Amino acid sequence: MASFFLRRASCSATRILSSSLSLSTATIIPKSNPNPNFIYHHHLLQLSRENKIASPYLTFIKEISTIPSTKKEQKQNSGELPNRGEKSWIDVHLPRQVRPYAHLARLDKPIGTWLLAWPCMWSISLAAKPGILPDFKTMALFGCGALLLRGAGCTVNDLLDRDIDTKVERTKLRPVASGLLTPFQGLCFLGFQLFLGLGILLQLNNYSRVLGASSLLLVFSYPLMKRFTFWPQAFLGLTFNWGALLGWSAVKGSLDPAIVLPLYASGVFWTLVYDTIYAHQDKEDDLKVGVKSTALRFGDSTKEWITGFGTACISSLALCGFNADIGWSYYAFLVAASGQLAWQIWTVDLSCRADCNRKFVSNKWFGAIVFSGILFGRLLS
């Protein structure tokens, strides 16, 4: 279409040029580019500088002659997702070439990293000796690992769901779905993230290396679960809370089932609460696309279900603390964590996407409260 308008404009430009002044072809046709469209565009520029052609006409010619050939080219030239609304720090501070990859890893949405990191921190703190602070180096390693693994999980999810994401309002502008990044570029970025993650894993003991590597099966399989089961949130729980096992083994070199299994279970139940709330943002689109979630499975009974999951989460945390012989202050913080979780469940408006997202994001505070309880419980035990 742009070529059609350009040819029409070029014909008009010829008539204007011939009646306005006579220019020598040698002075306007570069030897390196004899394209006729370029010639007439050059003529118009010359005439505009001499105020012989109205600027609106020139503006029209300029606009249609600089339209990218495809939408994909336009996106790649901009380096930004179109119509994103309010810009994040990624769009303001990072180089243009890096922005799509930062968005792919969700670096502007750190809640996922927090939710992945907290079970690791719980476990590391529980494994610390009574009266002694947990090892800072181990916590720093797991913090970096959570950032990388969460980014890798998002990349896998976007690669596998790129056709689905284009049909969902909340996800249609993601880098791969929108065409800003090709699947091959996403795959290369995934390899880079996993390589960095391997560097962190190799700093742990042999037992933890094997245990950590085994989590990749969950990382790669979770994005597919929404196609086959109404319980993808349960598989996310198994994936996101693997650090509850790994943190303990990184400190102790083995697992104590009486402590780590209740801790792992509490994380899975917690995930069922917050990710079911999160899934209510997309329930209309999920129905249209044909993917499944606990939000669709529970429907109007969602609050009853997540109340049960929340109760199971707190009960599992209490059992874990009892088996770990942790101090009394842990249970005081556990009461506060129960209140935070109850506030989420009782006040969330499941028909409001914004409120669902607010309650989902608030789970970083739930994780922080539980961590504080474990930390003080260990120091005072």
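What counts and what doesn't
Residues numbered from 1 in each chain as written. Predicted model: local features only at pLDDT ≥ 70, side-chain atom pairs only at ≥ 80, totals over all residues. Heavy atoms only, no water. Helix = DSSP H or I, 4+ residues; strand = E, 2+ residues; numbered from the N terminus. Polar contact = N/O pair within 3.5 Å; in protein donor to acceptor, adjacent residues only side chain to side chain. Contact = heavy atoms within 4.5 Å. Axes fitted to C-alpha atoms, helices over the stretch in contact; angles between N-to-C directions. Parallel < 35°, antiparallel > 145°, perpendicular 65-115°, else oblique. Left-handed = near helix turned anticlockwise from the far one by under 90°. Nonpolar A, V, L, I, M, F, W, Y, C, P; charged D, E, K, R; others polar.

A.B. asks: Tell me about the side chain of threonine 276, residues and numbers included.
C.D. replies: As for its placement among the helices and strands, threonine 276 is situated in helix α16 (residues 257-279). Of the polar contacts made by the side chain of threonine 276, one reaches the side chain of threonine 294; its length is 2.8 Å. Once residues within four sequence positions are removed from consideration, threonine 276 is found in contact with Gln233, Thr271, Thr294, Ala295, Phe298, Thr302 and Ile306.

A.B. asks: Which residues make up the packing of α16 against helix α21 (residues 353-361), and what values go with them?
C.D. replies: Their axes nearest at 8 Å, the elements α16 and α21 cross at an angle of 160°. Considering their axes alone, α16 and α21 lie roughly antiparallel with respect to each other. Where α16 crosses over α21, the handedness of that crossing is left-handed. Of the residues in α21, those in contact with Tyr274, Ile277 and Tyr278 of α16 are Cys356, Asn357, Lys359 and Phe360. Here the residues of the contact of α16 with α21 are counted per class, giving 5 nonpolar, 1 polar and 1 charged.

A.B. asks: Summarise unusual backbone geometry; cite the residues concerned and give the values.
C.D. replies: The phi torsion at arginine 106 lies on the positive side, around 60°, for a residue other than glycine. Residue placement: arginine 106 occurs in the loop between α7 (99-104) and α8 (111-127). Within the chain, aspartate 325 stands out as a residue other than glycine whose phi angle is a positive 55°. Structurally, aspartate 325 is set in the loop between α19 (302-323) and α20 (329-347).

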